Amino acid sequence: MSSTTTAPALQSDDVAAIDELRDVYRRLKSELSKIIVGQEQVIEQLAICLFGRGHALLMGVPGLAKTLLVSRIAETMSLSFSRIQFTPDLMPMDITGTDILQETLDRRREFEFVKGPVFANIVLADEINRAPSKTQAAMLEAMQEHRVTVVGRPYPLEPPFFVLATQNPVEQEGTYPLPEAQLDRFMFLINVDYPSRAEELEIARTTTGGTVPRLDHIVDAASVIKFQELVRRVPVPQHIYEFSVDLVRRTRPKLQESPEWLKPLVSWGAGPRAVQYMILGAKSRAALTGSYMVRLEDIMAVAEPVLTHRVLTTFNAESEGITSNDIIDRLVKELNDEQVR
C-alpha cells in the first residue's frame with residue numbers, strides 16, 4: 001500500500017454544512033422510527049444513495065415495508081413520490097408519458113405531452129424485473145440521463161431524481177432478469193431482511209391499531225440538492241482511493257492482482273463505475289455521520305452494497321453455496337489485513 005497522503009481540509013462553510021447534514025439525518029431517522037420498526041441499516045444505505053446522487057435496488061420478500069419506507073422518506077423530505085408497479089404488459093409510455101391530441105380554444109388540434117409517473121423526485125419501481133426489455137430501457141435512460149425521450153423529443157427530469165427499484169427474490173416465474181448494464185446503474189443493492197423477534201413484536205403492537213402518524217418535513221428539494229453538492233466536496237485521502245481501486249480490481253478474475261482462490265468462483269468482476277460509487281458512497285456516509293473526511297471504515301461499510309450485484313459468480317461457486325457477498329467479505333478482509341501489515 002502507498003503512504004496515507006492527507007486530503008485537503010474542508011472550508012469552514014462546508015464544515016458547518018456537514019454538521020447540519022448530520023443533524024438532518026438524525027432527525028430523519030427519528031421521524032421514520034415513528035412508523036418504521038428497525039431496518040436501521042436499510043435506512044442508512046438509502047440515505048447514502050440519496051445524498052450521493054445514486055439509485056438503489058432493494059431485494060427482499062414481500063411484506064418488509066419497502067414501499068412504506070420509501071414513501072415516508074419522500075414525505076419527510078417534502079419530495080414528490082410516485083410508485084410504478086411493473087408488469088409484463090407495461091409499455092414505455094406508461095412510465096414516461098405520451099403525446100395526447102388536444103383541441104385548442106381556436107379549434108385547432110395540437111399534441112400535448114402528458115407526463116408519466118417517472119416525473120417525480122423519488123420513483124419506486126416495484127418489481128422492476130417484471131417489465132419487458134423495452135420498458136426497462138426507457139427506465140434506464142431516465143436513471144442514467146435524468147431525462148426521457150418521447151417521439152424523438154427529450155424531456156428533462158427535475159432534480160433531485162432518485163429511483164428505488166425492488167425485486168422479489170422468491171417468485172421468479174414470468175420475470176425478465178435485469179441486464180448487467182442496467183444493474184450497473186444502481187449505486188447500491190440493498191438486502192432487506194426479516195426483522196428480529198423483538199422488532200416483530202413491536203410491529204405487531206404498533207401497526208395493528210390507531211391511525212398512522214404524520215411525519216414532519218425535515219428538508220425540501222433545494223436542501224437535498226445542496227447536500228448532494230456538499231457530499232462531492234468531502235475530502236478523500238490518497239490511501240482510500242488506492243484501497244478502493246485495489247479492491248475493485250481484485251474482483252476481476254482475469255487480472256494478475258486477482259487472488260487465485262477467486263478465479264474459479266467469479267465469471268465477471270466489477271467495472272470502473274464501482275470505484276466511483278464506492279468513493280461517492282463513502283463520502284456520503286462520512287458526511288451523514290458528521291465526519292469531515294472519508295475514513296477506511298466508510299469504504300468498508302459501502303463495499304458490499306456497491307459490489308454485490310457487480311460480481312457475477314460461476315456455477316462452481318453456486319454449487320458450493322458461495323455467494324458474491326462471501327467473496328466480497330473475504331476480499332475486504334484480506335486487503336485490510338495487508339494494509340495493517
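In this text, all values refer to a predicted model and were calculated from it rather than measured experimentally.

Now for the pattern of salt bridges. Tallied over the full model, the rule gives 21 salt bridges. The partner of R205 in a salt bridge is E202, and the shortest N-O contact between them spans 3.0 Å. Linking R205 with E202, this pair stays in helix α7 (residues 197-206), spanning three residues, or about one helical turn. Its salt-bridge partner being E338, residue R250 comes within 2.8 Å of it at the nearest N-O pair. Separated by 88 residues along the polypeptide, R250 in the loop between α9 (238-249) and β10 (266-268) and E338 in helix α13 (residues 324-340) bring together distant segments of the chain. The exposure class assigned to R250 is buried, which follows from its relative accessible area of 15%.

Before going further, it helps to spend a moment on the sheet that holds strand β9 (residues 186-191). Strands sit in the order β2-β5-β8-β1-β9 across an open sheet of five strands; the sheet is parallel. Looking at which strands have only one partner, the edges of the open sheet turn out to be β2 (81-85) and β9. Put simply, the sheet's adjacent strands are angled 20 degrees from each other on average, direction ignored. The pairing of β2 with strand β5 (residues 122-126) spans five bridges and is classified as parallel.

This brings us to the packing of helix α10 (residues 272-288) against helix α11 (residues 296-307). At a closest axis distance of 8 Å, the pairing of α10 and α11 adopts a crossing angle of 130 degrees. With respect to α11, the element α10 is oriented oblique. Both α10 and α11 take part in a crossing whose hand is right-handed. In contact with A274, Y277, M278, I279, G281, A282, R285 and A286 of α10, α11 contributes E297, D298, I299, A301, V302, A303, V306 and L307.

In this section: the side chain of R252. Note on placement: R252 falls in the loop between α9 and β10. Buried within the structure, R252 lacks any salt-bridge partner; E257 is the closest side chain of opposite charge, at an N-O distance of 6.8 Å. Reaching out from R252, the side chain makes a polar contact with the backbone oxygen of A270 at a distance of 2.7 Å. Every residue in contact with R252, bar those within four places of it in the chain, is listed here: S258, G269, A270, G271 and P272.

Per the counting criterion, the structure on display carries three aromatic pairs. Between F113 and F119, the ring centres sit 5.9 Å apart and the planes meet at 70 degrees, which makes this aromatic pair edge-to-face. On the numbers, 3.9 Å between centres and 10 degrees between planes, the contact of F113 with Y155 is stacked. With F113 in strand β4 (residues 109-115) and Y155 in strand β7 (residues 153-156), this residue pair connects regions lying 42 residues apart in the sequence. An identical accessibility class is assigned to F113 and Y155; each is buried. Grouped by ring-pair contacts, the aromatic residues F113, F119 and Y155 constitute a single cluster.

Rules of the game
- Residues numbered from 1 in each chain as written.
- Predicted model: local features only at pLDDT ≥ 70, side-chain atom pairs only at ≥ 80, totals over all residues.
- Heavy atoms only, no water.
- Salt bridge = Lys/Arg side-chain N within 4 Å of Asp/Glu carboxyl O.
- Helix = DSSP H or I, 4+ residues; strand = E, 2+ residues; numbered from the N terminus.
- Buried < 20%, exposed > 50% of the residue type's maximum accessible area, 1.4 Å probe, protein only.
- Pairing = 2+ DSSP bridges.
- Axes fitted to C-alpha atoms, helices over the stretch in contact; angles between N-to-C directions.
- Parallel < 35°, antiparallel > 145°, perpendicular 65-115°, else oblique.
- Left-handed = near helix turned anticlockwise from the far one by under 90°.
- Contact = heavy atoms within 4.5 Å.
- Lys, Arg positive; Asp, Glu negative; His and termini not counted.
- Polar contact = N/O pair within 3.5 Å; in protein donor to acceptor, adjacent residues only side chain to side chain.
- Phe/Tyr/Trp six-rings, centres within 6.5 Å; stacked < 30°, edge-to-face > 60°.

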